[in-house]
Amino acid sequence: DGGITQSPKYLFRKEGQNVTLSCEQNLNHDAMYWYRQDPGQGLRLIYYSQIVNDFQKGDIAEGYSVSREKKESFPLTVTSAQKNPTAFYLCASSIWFAGDEKLFFGSGTQLSVL
Amino acid sequence: AQSVTQLGSHVSVSEGALVLLRCNYSSSVPPYLFWYVQYPNQGLQLLLKYTSAATLVKGINGFEAEFKKSETSFHLTKPSAHMSDAAEYFCAVRRSGGYQKVTFGIGTKLQVIP
């Protein structure tokens, strides 16, 4: 059963703590993305990776870090420098098909601050 | 720069009534335009997309959208609302290139009243 798996579904962070959100895909997609979703603000791009061992900052990368050591995995770390981390985080992957890119989303992780 | 404006963060319709969700875009070049749907605590799912092949685009679940260049609009419609249509809908715009260049709107929550 192919898809994108995000875990955990709910995560709580204590002040000053780093937390890592997992994103795994078995779709053999090259590109992967992390978005942050806040109510009334839509989705904003945090980081993206178009190939293994390479990633680029998106619009709101401050306070976040990522790695892409394997094609199927793109974990996101929310560091203590991110002062307002409460949000719904969505991971996505994409593939080019018939001259266009198709994007697939995971089910998200809700991060809250204790 | 490119952007989308979704008019109305909340829309309520009666079951069986017309659904109209508004989206206006600004883009300096002909854009790719998308509508996505998000059910609670889920990722986004593509409803339809405009890629300049035809101005009237038909999507899944009976939705369609019309690209009107003169009005810079890409409104989403469905003739008859079902209870299962209750969700949040996002308009998005992308210039040529990958999804790192996509801009999402703030979303419109659709409530369907029995």
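A word on the state of the cysteines. Residue and element names in this part refer to chain A. Under the defined criterion, the tally for this structure stands at 2 disulfides over all chains. Between the sulfur atoms of Cys23 and its disulfide mate Cys91 the distance is 1.9 Å. Because the sign of the S-S torsion sets the handedness, a value of about -75 degrees for the bond joining Cys23 and Cys91 places this disulfide among the left-handed ones. With Cys23 in strand S3 (residues 19-25) and Cys91 in strand S9 (residues 87-97), the pair connects residues that are 68 residues apart, well separated along the chain. Across the pair, Cys91 and Cys23 agree in class, each one buried.

This part takes up the nonpolar core. Residues B:Trp35, B:Leu48, B:Phe74, B:Leu76 and B:Tyr89 are the most contacted members of the largest nonpolar core, which totals 26 residues. In contact with B:Phe74, not counting residues within four places along its chain, are B:Cys23, B:Leu33, B:Phe34, B:Trp35, B:Leu48, B:Tyr50, B:Val57, B:Ala65, B:Glu66 and B:Phe67.

Moving on to the sheet that holds strand S6 (residues 56-58) of chain B. Residue and element names in this part refer to chain B. With respect to topology, 5 strands assemble into an open sheet ordered S1-S3-S8-S7-S6, the strand pairing being antiparallel. Single-partner strands in this sheet number two, and they are strand S1 (3-7) and S6. Neighbour to neighbour, the strand axes of the sheet diverge by 20 degrees on average, direction disregarded. Bridging between strand S7 (residues 64-68) and strand S8 (residues 73-78) involves 5 bridges; their strand directions are antiparallel. Within S8, the residue paired with Glu64 across the bridge is Thr77.

What counts, and where the lines are drawn
- Residues numbered from 1 in each chain as written.
- Chains lettered and ligands numbered in written order.
- Predicted model: local features only at pLDDT ≥ 70, side-chain atom pairs only at ≥ 80, totals over all residues.
- Heavy atoms only, no water.
- Disulfide = S-S within 2.5 Å.
- Helix = DSSP H or I, 4+ residues; strand = E, 2+ residues; numbered from the N terminus.
- Buried < 20%, exposed > 50% of the residue type's maximum accessible area, 1.4 Å probe, protein only.
- Core = buried A, V, L, I, M, F, W, Y, C linked by side-chain atoms within 4.5 Å.
- Contact = heavy atoms within 4.5 Å.
- Pairing = 2+ DSSP bridges.
- Axes fitted to C-alpha atoms, helices over the stretch in contact; angles between N-to-C directions.

Keep in mind these values describe shape, not function.
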